[in-house]
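A structural walkthrough
Residues per chain are reported as follows:
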Amino acid sequence: MIRVENLTKYYDDVCAVDQISFNVQRGEILGLLGPNGAGKTTTLRMLTGFLQPTAGQIQIGNFSINDGLLEIKKILGYLPESAPLYHDMLVFDYLKFVADLRGIGAPRRLSRIRELGDLCGINEVMHQPIGELSRGYRQRVGLAHAMMNDPEVLVLDEPTSGLDPNQIVEIREIIRRIGKAKTVVFSTHILSEAEATCDRVAIIHHGKIAADSRTAHLKETLGGRSQIQLMLEQADPAAVQRELAAVPGVTRVEVLAPADGAIRLVLTCDASRDPRAELYRRIRQTDWTLLEFHQETLSLEEIFRELTKES
Amino acid sequence: MRQALCIGRKEFNAYFASPIAYIVIAIFLLVTGWFFFSTFFLFNQASLRNFFGLLPTVFAFVVPAVTMRLLAEEFNIGSYETLLTLPVGFNDVIIGKFAAGVAFVAAMLIPTLVYPVTVAFLGALDWGPVIGGYLGAVLLGAAFSAVGLFASALTRNQIVAFIIGLAVCFSLTLVDQMVFFVPQAFVGVLSYLAADVHFQNVAKGIIDTRDIVYFLSVCFIGLYAAFLVLKARN
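Keep in mind that what you see is a predicted model, and the values were worked out from it rather than measured.

Conventions adopted
- Residues numbered from 1 in each chain as written.
- Chains lettered and ligands numbered in written order.
- Predicted model: local features only at pLDDT ≥ 70, side-chain atom pairs only at ≥ 80, totals over all residues.
- Helix = DSSP H or I, 4+ residues; strand = E, 2+ residues; numbered from the N terminus.
- Rg over C-alpha atoms; globule rule 2.2 N^0.38 Å.
- Buried ≥ 20, exposed ≤ 12 C-beta atoms within 10 Å, placed from the backbone.
- Contact = placed C-beta atoms within 7 Å.
- Pairing = 2+ DSSP bridges.
- Core = buried A, V, L, I, M, F, W, Y, C linked by C-beta atoms within 7 Å.
- Nonpolar A, V, L, I, M, F, W, Y, C, P; charged D, E, K, R; others polar.
- Domains from an automatic or database assignment.
- Right-handed = clockwise from strand over helix to strand, strands pointing away.
- Axes fitted to C-alpha atoms, helices over the stretch in contact; angles between N-to-C directions.
- Parallel < 35°, antiparallel > 145°, perpendicular 65-115°, else oblique.
- Left-handed = near helix turned anticlockwise from the far one by under 90°.
- pLDDT = per-residue confidence, 0-100.

Moving on, we get to the overall build of chain B. A tally of regular secondary structure across chain B gives 12 helices and 0 strands. The order of helices and strands in chain B, counted from the N terminus, is α-α-α-α-α-α-α-α-α-α-α-α. Relative to the globule expectation of 17 Å for 234 residues, the C-alpha radius of gyration of chain B, 18 Å, shows essentially globular dimensions. Looking at chain B as a whole, 43% of its 234 residues qualify as buried. Here the analysis covers contacts within chain B between residues at least 6 apart in sequence; of these, 78% occur between residues at least 24 apart.

So, about the overall build of chain A. If you tally the helices and strands in chain A, you get 11 helices and 14 strands. For 311 residues, the compact-globule estimate of 2.2 N^0.38 gives 19 Å, and chain A exceeds it by more than 25% at 25 Å. Principal-axis analysis of the C-alpha atoms gives chain A an extent of 80 × 45 × 30 Å. The burial tally for chain A puts 41% of its 311 residues in the buried class. For chain A, restricting intrachain contacts to residue pairs at least 6 apart in sequence, the fraction spanning at least 24 positions comes to 69%.

Residue and element names in this part refer to chain A. In spatial order, the strands read β2-β1-β4-β5; together these 4 strands make up an open sheet with antiparallel pairing. In the strand order of this sheet, the two ends are held by β2 (14-24) and β5 (63-64), each with one partner. Bridge count for strand β1 (residues 2-11) against β2 is 7 bridges, and the pairing is antiparallel. Across the sheet, Tyr-11 pairs through a bridge with Val-14, a residue of β2.

For the rest of this paragraph, the subject is helix α11 (residues 195-203) of chain B. All names here are of chain B. Among the 9 residues in α11, 7 count as buried, and that is most of the element. For α11, the complete set of buried residues consists of Ala-195, Asp-196, His-198, Phe-199, Gln-200, Val-202 and Ala-203. Looking at the buried residues of α11, the elements they touch are α3 (49-67), α8 (127-154), α9 (158-174) and α12 (209-233). The positive-phi residue at the C-terminal boundary of α11 is Gly-205, with phi of around 95°.

One finds Ala-143, Ala-146 and Leu-149 of chain B to be the most contacted residues of the largest nonpolar core, which totals 130 residues. The element that contributes the greatest number of residues to this core is α8 of chain B, accounting for 14 residues. Not counting residues up to four positions away in its chain, the partners in contact with Leu-149 of chain B are Thr-67, Leu-70, Leu-71, Ile-94, Lys-97, Phe-98, Gly-101, Gly-222, Leu-223 and Ala-226 of chain B. If you look at the next biggest cluster of nonpolar residues, it comprises 13 residues, including Ile-228, Ala-235, Val-253 and Cys-269 of chain A.

The next thing to look at is the interface of chain B and chain A. On the side of chain A, 21 residues touch chain B, which itself brings 18 residues to the contact. Within the residue set of the side of chain B that touches chain A, elements represented by two or more residues are α1 (2-17) and α5 (79-84) of chain B. Tallying contributions element by element places α1 of chain B first for the side of chain B that touches chain A, with 5 residues. Class assignment of the residues belonging to the side of chain B that touches chain A gives a composition of 8 nonpolar, 8 polar and 2 charged.

A word on the domain arrangement of chain A. Domain boundaries assigned for chain A yield domain 1 (2-221) and domain 2 (223-305). For domain 1 of chain A and domain 2 of chain A, the distance between their C-alpha centres works out to 44 Å.

A few words on the pairing of strand β7 (residues 153-157) of chain A. Residues and elements named next belong to chain A. Summarising burial for β7: 5 of the 5 residues are buried, a large majority. Residues Val-153, Val-155 and Asp-157 of β7 are buried on one face, and the alternating residues Leu-154 and Leu-156, pointing to the opposite face, are buried as well. Relative to β7, strand β6 (residues 76-79) is paired through 4 bridges, and the arrangement is parallel. Note that in β7 the partner of Tyr-78 across the bridge is Val-155. Bridge count for β7 against strand β8 (residues 183-188) is 5 bridges, and the pairing is parallel. Bridged to Val-153 within β8 is Thr-183. Tracing the backbone out of β7, into helix α6 (residues 165-179) and back to the parallel element β8 gives a crossover that is right-handed.

Before going further, it helps to spend a moment on the packing of α3 of chain B against helix α6 (residues 90-109) of chain B. Residue and element names in this part refer to chain B. Across the interface, α3 lies against α6 with an axial gap of 10 Å and an inter-helix angle of 135°. Relative to α6, α3 is oriented oblique. As α3 packs across α6, the resulting crossing turns out to be right-handed. Between α3 and α6, the residues in contact are Val-63, Val-66 and Thr-67 and Gly-101, Phe-104 and Val-105, respectively. Across the contact of α3 with α6, the residue classes break down as 4 nonpolar, 2 polar and no charged.

As a further point, take the environment of Ala-124 of chain B. Residue and element names in this part refer to chain B. Mapped onto the secondary structure, Ala-124 falls in the loop between α7 (114-122) and α8. For Ala-124, a count of 8 C-beta atoms within 10 Å puts it in the exposed group. The spacing of Ala-124 and Ala-46 is 78 residues in sequence and 6.3 Å in space, taken between C-alpha atoms.

With that settled, the discussion passes to the sheet that holds strand β9 (residues 200-205) of chain A. Whether parallel or antiparallel, the strands of a sheet pair through hydrogen bonds between backbone atoms. Residues and elements named next belong to chain A. Within the open sheet, the 6 strands sit side by side as β6-β7-β8-β3-β9-β10. Their pairing is mixed. Single-partner strands in this sheet number two, and they are β6 and β10 (208-214). Neighbour-to-neighbour, the strand axes of the sheet open up by a mean angle of 15°, direction not taken into account. Contacts from helix α5 (residues 135-147) reach β6 and β7, with the element oriented near 165° to β6.

With that settled, consider the packing of α6 of chain B against α8 of chain B. All names here are of chain B. Look at α6 against α8: their axes get within 9 Å of each other, and the N-to-C directions meet at 140°. As judged from the angle between their axes, α6 and α8 are oblique. Read as a crossing pair, α6 and α8 show a hand that is right-handed. Across the interface between the two elements, Ile-94, Lys-97, Phe-98, Gly-101, Val-102, Val-105, Ala-106 and Leu-109 from α6 touch Tyr-134, Ala-137, Val-138, Gly-141, Ala-142, Ser-145, Ala-146, Gly-148 and Leu-149 from α8. Of the residues that constitute the contact of α6 with α8, the class distribution is 12 nonpolar, 4 polar and 1 charged.

In this section: the confidence of the model for chain A. Residues at a pLDDT of 70 or more form 93% of chain A, whose mean pLDDT is 83. Averaged pLDDT values over the elements of chain A bottom out at 65 in helix α8 (residues 215-222) of chain A and peak at 93 in helix α3 (residues 91-101) of chain A.

Put into structure tokens, the structure is as follows:
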């Protein structure tokens, strides 16, 4: 649905986005993750046609951003960061204005606004000026604005920033619901959010894509240096250390202080192979009692820190 | 074109949703009313010549105040981004906002229609120059709106937009009074640039294509410059 190739943006001499490429399929939710100033907003602004790329190609649906910008805008809904809307307009008037610009005719308009009011929970503020709304309500009005035309592609820039936990859950719920049939791209710097909402995550750092894969896959591959925690009873620490360190794939065996006759071990493994089967086979051959055996992959948080830390 | 109309309607309504419209209209009526009627009975003539004579100077102050918010405010609160990612082009934005500005100037002139009506009761009013004057006023308002819109496109600060617009409009109004400072070769060019001269021609009731072309050119140049500024912004 979305194809981005070698997208580059310079602000004067400063390179904000550096040759990034990614694809998004229909029905997929892509999260753009990155620290502040990584180029997320710039990427989204180019995606929505607000900024002109310095170089590179963007294709959305069957249209290219160069010659089909107006067509793209028709199938795209965009909520900029912090929902900048006209402060002195009433919510209802604003949504009516957006419907007019979207070419939604008078007969359909009122019912559409009502639908969005229900979906985004803004019916009770319909007749208040946007400037007087709380942050959360303004964000929801922005969401209603973005979804006015039932867009094929929904682009959201930090949709949950500044919201309270209940509102965050609601907005994520809405995103997931839309994401079933439509294509959603959103940016965030909250990792748990990406983990909870996205099918796929692209981590942007210094204007480059540092990682791009399915959320689960990302955790597996980059969590290659996983840790295995073991708890054994009736075992001699020295023998355990010798035995398990010999298993291919295990790089380090750490014996933690024994408690109640059981010893706790942390094995660090490299990404080359999965040592779990071999470990189990060896333990079975001894007369140790296996109390606990589980693998911990790195959380997205750690992966993110790993990828974006300054070298 | 439909998009431009939507934007124009929204902007026009926005004027009356905030106190700025009422303040600007009140000041405009107060200033023109005062200067017109303070000398009206001394001249003892049933004509609106003084009213129209004053109008370009007043417009040079008032019209930039009307147009200063059109784009600068959008840049400032960031709504420009939401507007531009809706299915609209730069030309829709500019034409819509320009139309709203001109419509507001026209609305501002409507209350002054009581002047010719009252004057017509006092003496034999020649309606030709009055009609010409109002036509010229709308043309002048349109030209200054285009300049003001361009000034508004340059900055996110409304005060700066106002001052730039004021400077350009005021120069255009007064440039014919400055001609004796410049070499003979430029006199023709400079006096053609003077908005005041063209306006007074129309306000005499003489509809000359040269004057119409002048106002339309200023509109076009202002709007096209604003268009280029918006384009260069991204």
